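# Report on the structure
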Amino acid sequence: MQVSGACCENVLGYMPVPVGVAGPLRLDDQEFQVPMATTEGCLVASTNRGCRALQASGGVKSVILNDGMTRGPVVRLPSAMEASNIKLWLEKAENFQKIKEVFDSTSRFARLEKLTGCVAGRHLFLRFQSVTGDAMGMNMVSKGTEKSLAEIQRIFHNVEILSLSGNYCTDKKVAAINWLQGRGKSVVAEATIPASVIQRVLKTSAEALVDLNISKNLVGSAMAGSIGGFNAHAANIVTAIYIATGQDVAQNIASSNCITLMERSGAHGDDLYISCTMPSIEVGTVGGGTVLHPQASCLQMLGVKGASSETPGSNACQLAKIVCATYFWRTVPDVSSSSGTLVRAT
Ligand SMILES: CC(C)(COP(=O)([O-])OP(=O)([O-])OC[C@H]1O[C@@H](n2cnc3c(N)ncnc32)[C@H](O)[C@@H]1OP(=O)([O-])[O-])[C@@H](O)C(=O)NCCC(=O)NCCSC(=O)C[C@@](C)(O)CC(=O)[O-]
Ligand SMILES: NC(=O)C1=CN([C@@H]2O[C@H](COP(=O)(O)OP(=O)(O)OC[C@H]3O[C@@H](n4cnc5c(N)ncnc54)[C@H](OP(=O)(O)O)[C@@H]3O)[C@@H](O)[C@H]2O)C=CC1
């Protein structure tokens, strides 16, 4: 009943995917049991191992650096001069305000925060960035963008609207813009693991982990020409949580952008400081697949089901932090297993 017309058409059944749980995950002085839907053996086990290491270390701290879903339409003008003129016009505070009023009128929660442009000949690409409450926000931002474009066209009659999405958003494709400017929630998480825990739980040393992280996640990814892939496999954790919690799974592309950094720390340099920076986590706790019962139950497990009545947007932000922290907890076994147990694990 909730599926047809909302989540799928021509429905012929459903595909059961096993759901495991990893935890307790200690994040910002709270504990979470994280549901992960996957068919890849060892994914949950290894995440659990990371949880154990970090549990003994006092857990992870995280912060939301930026919150804004984007839609990037393309319009065409008769000349590059006219395309540039509109870009410059939109950059003036009073004109941004005019467009913002139109955009914000389309939703109780979507609020235009930023509007940037890029000219390619007589093509003008715009990037509307908006907070979207607890929703991931693609429908909401698309609605606001459509109405804003109509207003721009009312003022500049020769604007030809080519596509509501000009791939400048960028949604569901690899793109440097999301890595550089962020999309959805931008999160950073950090923790320090004492040498004793590294030795006992992970059976390795801070020195070996730092060395391997540089060689693999930094130099290796640089040599491969990676965009946002400075990690072992954030995509595994992002996707498993997205399936379990009713996210738009195709958004695992930008959502998995992540750089993992490791340094030796402490008086003897044998403790390990780690951070994970994920600039484009696209999640919501309202709308899309979050309305389905099993997915809503998984959100409930994390204490972020539905809309936050106190602070709209805080449930979605908390979910983004959990996604980042879960990969964070997983990143230590990822790197340590890369040196020896990768084949045994698969
Ligand atoms: C919604 C439609 C298909 C309507 O399309 P329409 O042409 O207005 O529909 P129609 O009523 O004229 O029917 C035409 C045919 O479509 C099919 N059809 C039509 N409706 C149904 C239905 N309910 N259930 C099953 N089949 C349906 C069906 O085959 C039907 O033929 P008929 O059977 O009548 O001879 C169309 O408007 C459409 O394709 N919209 C796009 C929706 C979409 O793709 N949304 C995904 C989100 S986009 C995204 O995720 C990525 C993005 C956009 O961000 C990436 C980017 O940046 O580019
Ligand atoms: N259209 C597109 O181009 C694309 C669509 N999608 C799909 O879009 C869907 C997600 O779109 P999204 O915009 O997130 O969801 P919805 O389209 O479901 O929009 C959210 C709705 O919930 C309402 N709402 C109630 N409480 C809240 C709250 N606290 N915070 C935010 N909204 C609230 C909003 O109100 P109000 O009406 O006041 O805004 C709005 O009507 C997914 O199914 C996804 O797969 C994915 C990619 C592209």
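The model shown is predicted, which means the values in this text are computed figures rather than measured ones.

We now examine the domain arrangement of the protein chain. Per the domain assignment, the segments making up the protein chain are domain 1 (19-66 + 176-341) and domain 2 (73-163). For domain 1 and domain 2, the distance between their C-alpha centres works out to 33 Å. Interface area, domain 1 with domain 2, both sides summed: about 980 Å², of which 42% is carbon and sulfur. For the pair domain 1 and domain 2, the interface holds zero salt bridges. At the junction of domain 1 and domain 2, the tally comes to 10 residue pairs in polar contact (both at pLDDT 80 or more). Within the residue set of the side of domain 1 that touches domain 2, elements represented by two or more residues are α5 (176-181) and α11 (314-338). Among the residues making up the side of domain 1 that touches domain 2, the classes are represented as six nonpolar, 12 polar and four charged.

One pair of aromatic rings is described through two measures. These are the centre distance and the angle between the planes. Evaluated as defined, the whole model comprises four aromatic pairs. Centroid distance Trp89 to Phe156: 5.2 Å. Interplanar angle 85°. Geometry classified as edge-to-face. Within this pair, whereas Trp89 is found in helix α2 (residues 80-90), its partner Phe156 is found in the loop between α4 (138-155) and β7 (160-163), the two being separated by 67 residues in sequence. Each member of the pair, Trp89 as well as Phe156, is classed as buried.

Okay, the site of ligand 1 next. The environment of ligand 1 is made up of Glu9, Asn10, Arg71, Ser165, Asn167, Asp171, Lys172 and Lys173. Here Asp171 contributes a side-chain N or O atom positioned 2.6 Å from an oxygen atom of ligand 1. Lys172 places a polar side-chain atom, nitrogen or oxygen, 2.6 Å from an oxygen atom of ligand 1. For ligand 1, whose unbound accessible area comes to 1100 Å², protein coverage reaches 21%.

In the neighbourhood of ligand 2, 21 residues make up the surrounding shell, with Arg71, Ser107, Gly137, Asn139 and Asp248 lying closest. In this structure, an oxygen atom belonging to ligand 2 sits 2.6 Å away from a side-chain N or O atom of Arg71. For ligand 2, whose free accessible area comes to 940 Å², the fraction covered by protein is 73%. Comparing atom positions with the cavity grids shows ligand 2 to sit within the second largest pocket. Sorting elements by how many residues they give to the shell around ligand 2 places α4 first, with four residues. In terms of residue class, the shell around ligand 2 is made up of seven nonpolar, eight polar and six charged.

Moving on to a nonpolar patch on the surface. Taken together, the side chains of Met15, Val17, Ile243 and Val249 make up a nonpolar region of the molecular surface, amounting to roughly 330 Å² of accessible area. Tracing the chain through its elements places Met15 in the segment before β1 (19-27).

So, on to helix α8 (residues 234-245). Under the 1.5 Å per step criterion, the end-to-end length of α8 is 17 Å for 12 residues, consistent within 8% with the ideal 16 Å. Extensive coverage of α8 is indicated by the burial of nine of its 12 residues. The set of residues buried in α8 consists of Ala234, Ile237, Val238, Thr239, Ala240, Ile241, Tyr242, Ala244 and Thr245.

About the thresholds
Residues numbered from 1 in each chain as written. Chains lettered and ligands numbered in written order. Predicted model: local features only at pLDDT ≥ 70, side-chain atom pairs only at ≥ 80, totals over all residues. Heavy atoms only, no water. Domains from an automatic or database assignment. Buried area = accessible area lost by both parts, 1.4 Å probe. Salt bridge = Lys/Arg side-chain N within 4 Å of Asp/Glu carboxyl O. Polar contact = N/O pair within 3.5 Å; in protein donor to acceptor, adjacent residues only side chain to side chain. Helix = DSSP H or I, 4+ residues; strand = E, 2+ residues; numbered from the N terminus. Nonpolar A, V, L, I, M, F, W, Y, C, P; charged D, E, K, R; others polar. Phe/Tyr/Trp six-rings, centres within 6.5 Å; stacked < 30°, edge-to-face > 60°. Buried < 20%, exposed > 50% of the residue type's maximum accessible area, 1.4 Å probe, protein only. Near = heavy atom within 4 Å. Areas by Shrake-Rupley, 256 points an atom, 1.4 Å probe, with all protein chains shown as cover. 1 Å grid on protein atoms, 1.4 Å probe; cavity = no way out; pocket = protein on both sides within 12 Å on 5 of 7 lines; lining within 4 Å. Sits in = over half its atoms within 2 Å of the grid points. Patch = residues over 30% accessible without salt bridge, like charges linked within 9 Å, V, L, I, M, F, W, Y side chains within 5 Å. Expected span 1.5 Å × (residues − 1).

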